[in-house]
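# Structure at a glance
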Amino acid sequence: MGWNYTEEVKEHFFNPKNVGRVENPNGIGEVGSVACGDALTLTFSVEEGTDIIKDVKFQTFGCGSAIASSSILTEMIKGKTLDEALKITNKDIADALGGLPPEKMHCSVMGREALEAAVANYRGEKIDTEEDEDEGRIVCYCFGVTEGKIRKLIAEDGLKTLEDVTNYTKAGGGCTSCQDDIQAVLDEIWGEQETQVKSPVKKPAMTNLQRIPLIQELLDNEVRPMLQKDGGDLELVDIDGTRVIIRMVGHCSGCKAAGLTSGWIQDKLQEIIDPDITLEVVEEVL
Amino acid sequence: MPVIYADNNATTAVDPQVFEAMRPYLTEFYGNPSSVHSFGSDVSHVIERAREQVAQCIGAQHTTEIVFTSCGTESDNTAIRSALASRKGRKRVITTRVEHPAVLTLARYLEREGYAVTYLAVDKQGRISLDELREEMNQDVAVVSIMAANNETGVLFPVEEAGKIAHEHDALFHTDAVQAIGKQQLDLASGAIDLLALSGHKIHAPKGVGALYIRRGRRFRPFMLGGHQERGRRGGTENVAGVVALGAAAELAAKYLDDEQTRVRAMRDRLEQGLLQIEDSRVNGDSENRLPGTTNISFRRVEGEAILLHLDRHGIAASSGSACTSGSLEPSHVLRAMGIPFDFAHGSVRLSLCRSNTERDVETILEVMPNIIGKLRDISPFKR
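All figures in this text were calculated on a predicted structure; none of them were measured in a lab.

A few words on the packing of helix H4 (residues 44-58) of chain B against helix H10 (residues 240-275) of chain B. Residues and elements named next belong to chain B. It is at 8 Å that the axes of H4 and H10 come closest, and there the two elements cross at 30°. Judged on the interaxial angle alone, H10 and H4 are roughly parallel. H10 is crossed by H4, and the crossing has left-handed handedness. Residues Val-46, Ile-47, Arg-49, Ala-50, Gln-53, Val-54 and Cys-57 of H4 lie in contact with H10, whose contacting residues are Val-240, Val-243, Val-244, Leu-246, Gly-247, Ala-248, Ala-250, Glu-251, Ala-253 and Ala-254.

Put into structure tokens, the structure is as follows:
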């Protein structure tokens, strides 16, 4: 298959657990539709008083990862209290499956949404009316995705790009005419943060957003050309505050002098950008 | 587990005879045809032999009408670019909504370059309307590009008639015939087709070789600029072994054309009729006018990728037009253009047979499919 699904995904797809509908459920969550290409109905019975999910079942129409996400979700929440279950994020679902292809992250999001819907149903909350206000306008008409959902996932999963948003929410993946709107939301959110962080404290300490382009520039213009001369290279994996995480590739990976090299890179980063920077090198992922 | 390969519109196995024909040009006679020494220059003869074989297979009148390329996509790009260059000043292109990405992506790119592109619609059966083409034609159209057969549904297009309509307005006519070659004979003698793209790996030659037919008398502008290979029409050292393979494969394709039209068609029909026994299923595409080995069938409210994963587990290779298989989020542009309802479009499976498939293959698919569909429907929230 084009997707390199993990063994966990395959196991839950070929042998799905807890299929069907719980008899006399007291919580039902229905998300998705045939038009969207996937749909999930989650039913559970919760013990009054303890709030423990005693039994849970799912019915899913969708691709391999949609079915696997639903199946593993039922295993993850069975025996948990509702509050415990609600702590499970879409990322937890994906992680429990050993990861999902980026384009399939929306399958784990669907699982999380069905859970929320079922809990709300049990608690007698009318999520659809109350939250509609917050959810706001529909941005993506192809998949019926609201601005509220897009904002929520941008915040929860730290989505930075249009592609991320499409992978997690499907928004923008149909006719693509809403892509500018999504980008505007992204710009607003990430731009907002910049101003929020910047304005109150006027001290020389750099914000993440100021630091990132400087680090990137330094790596691209000064460090990588040196490595490339030796047939190697590096990839910037992440910048988390003053932690800069890179991966050595090509001849640099496994090179005996890699330790020396990374020391040299850290020195350069500290000298030119920020004395607090620490450099971490992660193993090459094959 | 033995693989039942029912995905021949995606690619085909290299025929053992084709492999034997090409082998010496990888191992022994590896010379460069452009070399002065005889070790290299001798090889140029086999390229000309392959050119004859390809010309004969597609019914070209002259071997010089064939230019070897690296693939179908290169042939399509070369053809359309060349046509635009030879109709300078004309700013319109007409194609269809259901073309292969080799044409569609280029068409969208041409729009950015300032061309106006008209995408002909298809009906529910996947057929274009020649009347719509007539209405759209005018003196500003440089090239009309219509595929000979659709890769997803197998639906055949009336390219000879379309070519005549294009010529009434002095536009050039190109056809992407990648899926049709070896399965459906085209009429090049009528002169309606100016340019035609074909690919080796769809007709049991290896990947990495294709050809472009350019009708004699049509101006041509090369796409790949480089050396003087292919009489200056396509730069780049010849893929000698690949070209030899394409020649051998073309000769075999012509030989097996009857087999495709009779035995393979019968297997496809048996497969299709068997699958239609499954409740809530339908065939996508004009069943009267189709490639002999292709069936595109939808199972309502079942998701295509899930079907493929199960088939894969049974050692059966097929394709789907479902959204999830492509990484896009919408069902295939072909099924959408045909207006196939979503609950069927997401559950489409394309099975494409070739001459090396057997009746046993068909029976095996028919044995496993009902259970797969049943299992997936059992876990579906839409089960009745």
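Structure shown, so let's carry the discussion forward.
Counting from both sides, the interface comprises 30 residues of chain A and, opposite them, 27 residues of chain B. Inspection of the chain A/chain B interface yields one salt bridge. With a shortest N-O distance of 2.8 Å, Lys104(A) and Glu305(B) are connected by a salt bridge. Along the lines of polarity and charge, the residues of the side of chain A that touches chain B split into 15 nonpolar, twelve polar and three charged.

Here we take up the environment of Gly250(A). For Gly250(A), the position within the fold is in strand E7 (residues 243-250). With 222 residues separating them along the chain, Gly250(A) and Ile28(A) place their C-alpha atoms 51 Å apart.

Residues and elements named next belong to chain A. Overall, antiparallel pairing links the three strands, which are arranged E1-E2-E3 in an open sheet. Each edge of the open sheet is held by one strand with a lone partner, namely strand E1 (27-33) and strand E3 (53-61). Across the sheet, the mean angle from the axis of one strand to that of its neighbour is 10°, orientation sign disregarded. Strand contacts of helix H2 (residues 64-77): strand E2 (38-46) and E3, with the helix running at about 175° to E3, the strand carrying the most contacts. Where helix H5 (residues 105-123) meets the sheet, its contacts fall on E1, E2 and E3, and the angle it forms with E2 comes to roughly 40°.

Looking now at the domain arrangement of chain B. All names here are of chain B. Annotation of chain B at the domain level lists domain 1 (4-10 + 257-378) and domain 2 (16-252). Distance between the C-alpha centres of domain 1 and domain 2: 28 Å. The interface of domain 1 with domain 2 comprises 25 residues on the first partner and 28 residues on the second. In total, about 2,400 Å² of surface goes out of reach between domain 1 and domain 2, with carbon and sulfur atoms giving 51% of it. Inspection of the region where domain 1 meets domain 2 yields one salt bridge. Summed over the shared surface of domain 1 and domain 2, the number is 13 residue pairs in polar contact (both at pLDDT 80 or more). Take the side of domain 1 that touches domain 2: its biggest share by element is four residues, from helix H13 (residues 333-337). Within the side of domain 1 that touches domain 2, the residues separate by chemical class into ten nonpolar, ten polar and five charged.

As a further point, take the sheet that holds strand E8 (residues 210-214) of chain B. Within a sheet, each strand pairs with its neighbour through backbone hydrogen bonds, oriented either parallel or antiparallel. Residue and element names in this part refer to chain B. Across the sheet, seven strands lie side by side as E2-E8-E7-E6-E5-E3-E4; this open sheet has mixed pairing. Two strands in the sheet have a free side with no partner beyond their single neighbour: strand E2 (66-69) and strand E4 (116-120). Strand-to-strand twist across the sheet, computed as the mean angle between neighbouring axes with direction ignored, equals 20°. Sheet analysis places strand E7 (residues 195-199) next to E8, joined by five bridges and oriented antiparallel. If you follow Leu-195 over to E8, its bridge partner there is Ile-214. Strands in contact with helix H5 (residues 72-86) are E2, strand E3 (92-96), strand E5 (141-145), strand E6 (172-176), E7 and E8; relative to E7, the strand with the most contacts, it is inclined by about 165°. Across the sheet, helix H8 (residues 159-168) lies against E5 and E6, angled at about 155° from E6, the strand it touches most.

Residues Phe299(B), Ile307(B) and Leu311(B) are the most contacted members of the largest nonpolar core, which totals 86 residues. Top element by residues in this core is H5(A). It accounts for nine residues. Contacts of Phe299(B), omitting those with residues within four sequence positions, involve Leu275(B), Ile278(B), Asp280(B), Ser281(B), Ile307(B), Asp343(B), Phe344(B), Gly347(B), Val349(B), Met369(B), Ile373(B) and Arg377(B). By size, the runner-up hydrophobic cluster in this structure holds 68 residues, among which are Met22(B), Val159(B), Ala177(B) and Leu186(B).

All right, on to unusual backbone geometry then. Note on backbone geometry: most residues besides glycine have negative phi, and most peptide bonds are trans. Residue and element names in this part refer to chain B. You will see that Arg-231, though not glycine, has its phi angle at about 50°, which is positive. With respect to the helices, strands and loops of the structure, Arg-231 is situated in helix H9 (residues 229-232). The backbone of Arg-301 shows a phi angle near 60°, a positive value even though the residue is not glycine. Along the chain, Arg-301 turns up in the loop between strand E10 (294-299) and helix H11 (304-313). For Arg-301, a relative accessible area of 29% translates into the label partly exposed.

Rules behind the numbers
- Residues numbered from 1 in each chain as written.
- Chains lettered and ligands numbered in written order.
- Predicted model: local features only at pLDDT ≥ 70, side-chain atom pairs only at ≥ 80, totals over all residues.
- Heavy atoms only, no water.
- Axes fitted to C-alpha atoms, helices over the stretch in contact; angles between N-to-C directions.
- Helix = DSSP H or I, 4+ residues; strand = E, 2+ residues; numbered from the N terminus.
- Parallel < 35°, antiparallel > 145°, perpendicular 65-115°, else oblique.
- Left-handed = near helix turned anticlockwise from the far one by under 90°.
- Contact = heavy atoms within 4.5 Å.
- Salt bridge = Lys/Arg side-chain N within 4 Å of Asp/Glu carboxyl O.
- Nonpolar A, V, L, I, M, F, W, Y, C, P; charged D, E, K, R; others polar.
- Pairing = 2+ DSSP bridges.
- Domains from an automatic or database assignment.
- Buried area = accessible area lost by both parts, 1.4 Å probe.
- Polar contact = N/O pair within 3.5 Å; in protein donor to acceptor, adjacent residues only side chain to side chain.
- Core = buried A, V, L, I, M, F, W, Y, C linked by side-chain atoms within 4.5 Å.
- Buried < 20%, exposed > 50% of the residue type's maximum accessible area, 1.4 Å probe, protein only.

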